[in-house]
Amino acid sequence: MAEDILGAGTEGADIVSAGPEFHPMEQFTLEPLFGGHAINWYTPTNLTLWMGVAIVAVILLLVVGTRRRAIVPSRTQSVAELAYGFVYSMVEDVAGKDGLKYFPYIMTLFIFIVFSNFLGLIPLSYSTTSQFAVTVPLALLVFFTVTIIGFVKHGIGFLGLFWVSAAPLALRPILAVIELISYFVRPVSHSIRLAGNVMAGHAVIEVFAVFVGVSVFIAPLAFIGIVGMFAMDVLVAFIQAYVFTILTCVYLKDALHPAH
Amino acid sequence: MAQDTTEVVGELTEQIGEGGGMPQLDFANYPNQIFWLAVSLVIIYFILSRVVLPRVSSVLAERQGTITNDIATADELKQKAVEAEEAYLKALADARAEAGRIVAEAKLEIQAELDVAIAKADAEIAAKAAESEVAIGEIRKGALKAVETVARSTATEIIKAVMPGAGDAKAVTAAVKSQLKGA
């Protein structure tokens, strides 16, 4: 699904590239913060900057906002408590009581993604979650952690996840193959869904923005398009963070309770 | 038009040369991005697990405790209020009973006094009646005598006037007496 959107985005770029300044993907370019062109593994880049901004925002909302530990919470403290309660109940409902041990890790994922998504919506900012180099490691982190938890908790019994005991015996080997494939596709869809949605939203906004400059008659329409798309991206920013987190919980549940 | 097409083609080739126009697929930058991602995740993890999560969970627990305490206190106060109301009602009932008793007592006392007063009044009335009877008896006696005297003297005068010299005073008196007795 996400790849379709990507494809559409690049095709659009080809069709309208008569305008010389049409580069919807340029906004995703990684650039060194302090000049130069070489990007070594340690070079601070715009990605570093916006991850830093995300960390500052996390500190402002979750640390400074809760510093008074008020029984009757202030507005920021309420938001922090809501975020806590939101993820906590998600882990508890989906992964079960024994999943709560992993709550801090899942909370970290959710907070990182939701802050990155929303900060990416600030005009001229750099959207860190639009990078496969960010979402793929996140998804692989979840994939490997969950797989290791599964094998540590259940040993070889974890493979029961692929052996659908509810199905007729003849079907089980076939189902096992399908389940195995779907298991290994998880990190792919998990990461591309997030990056693809964020990237597509930003690219479409950029396309509309170019149209604003094309002609006076198209400009109002294109502007409405930008507003509408931005509103949708606000939704997407939250929903994709939610989806990533709840899928993590589902995978964790599979690792903790592999029996079908 | 031809110019445009060349431009487009040129730009496309340029874009493909830059990595298909998708900076996300520039694998040369991956180590950098993954490094900074790891740094950020570790920092956020420590902020959350060391500061935020313990703090928020303690605040939530404290709030839960406060709410539970407050509800318990409210229950206690309500219990006290019920007790106070019961005590009030009991006092009210007691006061009412006491008042009833006092009223009954007062009524009895008044009745007794009244009885005494009535008896006294009756006795006085009886005494007065007896006295009056005596007085009336005397008056009647006096009156009878007066009647006799008047009748005698009248009879004597009449006899004197009708038949002078006839009869004497003694006979008249006797006649009057017998007449009066007969009357």
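Residues numbered from 1 in each chain as written. Chains lettered and ligands numbered in written order. Predicted model: local features only at pLDDT ≥ 70, side-chain atom pairs only at ≥ 80, totals over all residues. Heavy atoms only, no water.

*Asks:* Tell me about the pattern of salt bridges, and name the residues and values.
*Replies:* Residue and element names in this part refer to chain B. As enumerated under the stated definition, the model contains six salt bridges over all chains in all. Taking the shortest distance from any N to any O, the salt bridge between Glu105 and Arg101 comes out at 2.9 Å. You can see Glu105 and its partner Arg101 sitting in helix H2 (residues 30–162), four residues apart, about one turn around the helix. In this structure Arg101 comes out as partly exposed when scored by relative accessible area, which is 43%. What you see here is one network of salt bridges that share partners, running through Glu98, Arg101 and Glu105. (Salt bridge = Lys/Arg side-chain N within 4 Å of Asp/Glu carboxyl O. Helix = DSSP H or I, 4+ residues; strand = E, 2+ residues; numbered from the N terminus. Buried < 20%, exposed > 50% of the residue type's maximum accessible area, 1.4 Å probe, protein only.)

*Asks:* Lay out the environment of Leu140 of chain A in plain terms, naming residues and giving numbers.
*Replies:* Residue and element names in this part refer to chain A. On the secondary structure map, Leu140 appears in helix H5 (residues 132–154). By relative accessible area, Leu140 is classed as partly exposed at 33%. Between the alpha carbons of Leu140 and Val188 there is a distance of 8.5 Å; along the sequence they are 48 residues apart.

*Asks:* Provide a residue-level description of the side chain of Asn117 of chain A, including the pertinent values.
*Replies:* Relative to the assigned elements, Asn117 of chain A resides in helix H4 (residues 103–120). Residue contacts for Asn117 of chain A: discarding those within four places in its chain leaves Thr129, Leu194, Val198, Ala237, Gln240 and Ala241 of chain A. (Contact = heavy atoms within 4.5 Å.)

*Asks:* Could you give an account of the nonpolar core, with specific residues and numbers?
*Replies:* Judged by nonpolar contacts, the single largest core of 61 residues is most densely connected at Val91, Met107, Ile111, Phe112, Leu138 and Leu252 of chain A together with Leu48 of chain B. Sorting elements by how many residues they give to this core places H4 of chain A first, with eleven residues. Beyond its immediate chain neighbours, meaning those up to four positions away, Met107 of chain A contacts Ala83, Tyr84 and Val87 of chain A together with Leu48 and Leu53 of chain B. (Core = buried A, V, L, I, M, F, W, Y, C linked by side-chain atoms within 4.5 Å.)

*Asks:* Lay out unusual backbone geometry with the relevant residues and their values.
*Replies:* Residue and element names in this part refer to chain A. Located in the positive-phi region is Arg69, a residue other than glycine, with phi close to 45 degrees. Residue position: Arg69 is located in the loop between helix H2 (46–64) and helix H3 (75–95). You can call Arg69 partly exposed: its relative accessible area is 41%. The phi angle at Leu124 is positive, at roughly 70 degrees, despite the residue not being glycine. With respect to the secondary-structure elements, Leu124 resides in the loop between H4 and H5. Classification of Leu124 as exposed rests on a relative accessible area of 89%.

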